[in-house]
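So you can see what is in the structure, the chains are spelled out below.
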Amino acid sequence: MPSLHPPCIFILEKLQLSSHSHSTDIFHKGKKRKGKKTAFGSTDMMSIRRRNLFSRITLLLFGFLACFTSSEAAIKKYQFYIQVKNVSRLCHAKPIVTVNGMYPGPTIYAREGDRVLVNVTNHAQYNMTIHWHGLKQYRNGWADGPAYITQCPIQTGNSYTYDFNVTGQRGTLWWHAHILWLRATVYGAIVIMPKQGTPFPFPQPDREQTILFGEWWNSDVEEVEKQGNQMGLPPNMSDAHTINGKPGPLFPCSEKHTFAMEVELGKTYLLRIINAALNDELFFAIAGHSMTVVEVDAVYTKPFTTEAILITPGQTTTVLVQANRVPGRYFMATRPFIDVPIPVDNKTATAILQYKGIPNTVMPALPQLPAPNDTAFALSYNQKLRSLNSPQFPANVPLKVDRKLFYTIGLGKDSCPTCINGTRLLASLNNISFVMPKVGLLQAHYFNTKGVFTTDFPDKPPTPFNYTGAPLTANLKTSQGTRVSKIAFNSTVELVLQDTNLLTVESHPFHLHGYNFFVVGTGVGNFDPAKDPAKYNLADPVERNTVGVPTGGWTAIRFRADNPGVWFMHCHLELHTGWGLKTAFVVEDGPGPDQAVLPPPSDLPPC
Ligand code: C2O
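Residues numbered from 1 in each chain as written. Predicted model: local features only at pLDDT ≥ 70, side-chain atom pairs only at ≥ 80, totals over all residues. Heavy atoms only, no water.

Every buried residue of helix α5 (residues 221–231) is listed here: Val221, Glu222, Val224, Glu225 and Gly228. Along the axis of α5, the buried positions cluster into a sector of 160°, meaning they face one direction only. On its buried face, α5 sits against β2 (92–99). One side-chain oxygen at the N-terminal end of α5 lies 3.0 Å from the backbone nitrogen of Glu222; it belongs to Asp220. Just beyond α5, the residue with positive phi is Gly232, at close to 80°. (Buried < 20%, exposed > 50% of the residue type's maximum accessible area, 1.4 Å probe, protein only. Helix = DSSP H or I, 4+ residues; strand = E, 2+ residues; numbered from the N terminus. Arc of directions from axis to C-beta. Contact = heavy atoms within 4.5 Å. Polar contact = N/O pair within 3.5 Å; in protein donor to acceptor, adjacent residues only side chain to side chain.)

Turning our attention to helix α6 (residues 375–384). Restricting attention to buried positions, one finds in α6 the residues Phe377, Ala378 and Tyr381. Projected onto a plane normal to the axis of α6, the buried residues spread over an arc of 100° and lie on a single side. Packing partners of the buried residues in α6 comprise β13 (282–286), β14 (291–296), β15 (299–306), β16 (308–311) and β17 (316–322).

Moving on, we get to the state of the cysteines. Working definition: the covalent bond between the sulfur atoms of two cysteines is a disulfide. Taken as a whole, this structure holds three disulfides when the rule is applied. For Cys416, the disulfide goes to Cys419, at an S-S distance of 2.0 Å. Of note, the bridge from Cys416 to Cys419 carries an S-S torsion of about 70° and is right-handed in sense. As far as burial versus exposure is concerned, Cys416 and Cys419 are alike and both buried. (Disulfide = S-S within 2.5 Å.)

Another aspect to go through is the confidence of the model for the chain. For the chain, per-residue confidence averages 90 on the pLDDT scale, and residues scoring 70 or more make up 88% of the total. Contacts for the low-pLDDT stretch residues 1–70, under 50 throughout, to residues beyond four places or in other chains number 73 contacts. (pLDDT = per-residue confidence, 0-100.)

Here the focus is the packing of aromatic side chains. Between two aromatic rings, the relevant description is the distance of the centres plus the angle of the planes. Per the counting criterion, the structure on display carries 30 aromatic pairs. Summarising the aromatic geometry, the rings of Phe200 and Phe202 are spaced 4.8 Å apart at their centres and angled 10° between planes, so their arrangement reads as stacked. Under the relative-accessibility criterion, Phe200 is labelled buried at 11%. According to the relative accessible area criterion, Phe202 is buried, its value standing at 11%. Each ring, one from Phe283 and one from Phe337, has its centre 5.4 Å from the other, and the planes form 55°; the classification is tilted. Here the residue Phe283 occupies a position in strand β13, and Phe337 occupies one in the loop between β18 (329–336) and β19 (349–355), the gap between them amounting to 54 residues. Using a relative accessible area of 0% as the deciding quantity, one classes Phe283 as buried. Given a relative accessible area of 7%, Phe337 falls into the buried group. The ring of Trp216 carries the charged tip of Lys94 above its face, separated from the ring centre by 4.4 Å. (Phe/Tyr/Trp six-rings, centres within 6.5 Å; stacked < 30°, edge-to-face > 60°. Lys NZ or Arg CZ within 6 Å of the ring centre and 35° of its normal.)

Encoded structure:
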């Protein structure tokens, strides 16, 4: 937490509210109108403006005095009303759960070092939690958001304020509902600007734009999921992918549901791309324009230029695009990457990059996307991602490892007499399918409540096998439990995630809460502990919070466990999370006075 004393916080709040729209304009010139809509302090702002000049000057003077010795951190306040709204896409209208009636939801703007307060008031019929995906939440799991991991949900009619600092991170992240499948419609971008006076480590763009990929179902998403669970089968796949909530003109009734971005010849644009889809890894390309990747998951990368990007659910990718082609209209397009014969929603969503002055009657050209099963593109693209690793932004890769973990990823079956095949699908880590507790794990850990979870999650699979050999279907003996791994404070951890052929191989985007990690190695086939570590990249591996484990392959990540608390780790395919492809790390408190989990906030929702 910042070392601000209470009067200082109060003053900064007021200053922030009265300057919010201004800062929005500076950084989001291209979105002026939108910026005003998303400035949630707006009602507060007006009341502040109505204050008489005298009190404002007094506040300012007092503010400078009170804050003179403090950091320059500001407070950014947002109000999220969870509310149901009717939305129509693909000729189907349905009520969806939204934040403030927006789909996608509002963007959170902050600056590195800021404190952010988001008050969430739940007016929907579902219980709700919001996760700030990729924010480290140092000692502050109470603001992380995964339901029953760090908090009990906000019940209908109740509120909870997520209160967190943005420390040591800058770039693009996002937020989403972290309960049921509600993140299908409850999600939005987080933009963290670098500290005042610190430029980007790449050419300053003229404008920027958030680009969020999502999935749309014509039916009610919670019903779709419920049906799947009742049958023990995967729920119906989505009916469309979307770009900023819109599928684009290749879908019926979608002419008016097409996102268009106007560009000016000669200008450079920063696109903050977020994959908020539930179940699909996606390729993305822009006709006629290449992209320069400069940042992923709020960590700067060595810039590289590419015709297409690959982005898994949970990941963000920030790219520079130059509007330097013959002025016209160009499609931006996204569609899934899937290199196993598993059915997916393979339809292409489009948006339009439109040069200023070009009439809407000009037909845009489609970009060339990699083939849906282009494994080679996926592997080589991921190889190109490297930490910037500059003196200012070093890659502090743990070189020595205290704790080695090896987790196998598998699918499995459980008997289910009421299901269609008498079985239901589940998913497991080290052959353990995670069972959600009834109270938050973080509370149980903090208050030392027994009987909620066990800390006996195994460091490696009980019996090694040929992980990626012929498909294993019989006798999987998958067990179920709320089992987590205890990690010593500040120890360095290496985790190898190994995909297996339990039922089928498939690629899995793994997300760790509370941390970034370094992706030190990856490969196809079985991980070889004797040979593979020699090939690790310990110099400039990409640092991120979500990584795709390749189909029938493995990925090795490293991190320093310096953030005490209970941190969820799971596959970011909602389908697999729901089936139990998840666990958590309990990172113990450190010895220092500021190395322990903070006390819970007083408004933490009860179960
Ligand atoms: Cu973006 Cu636990 O999720």
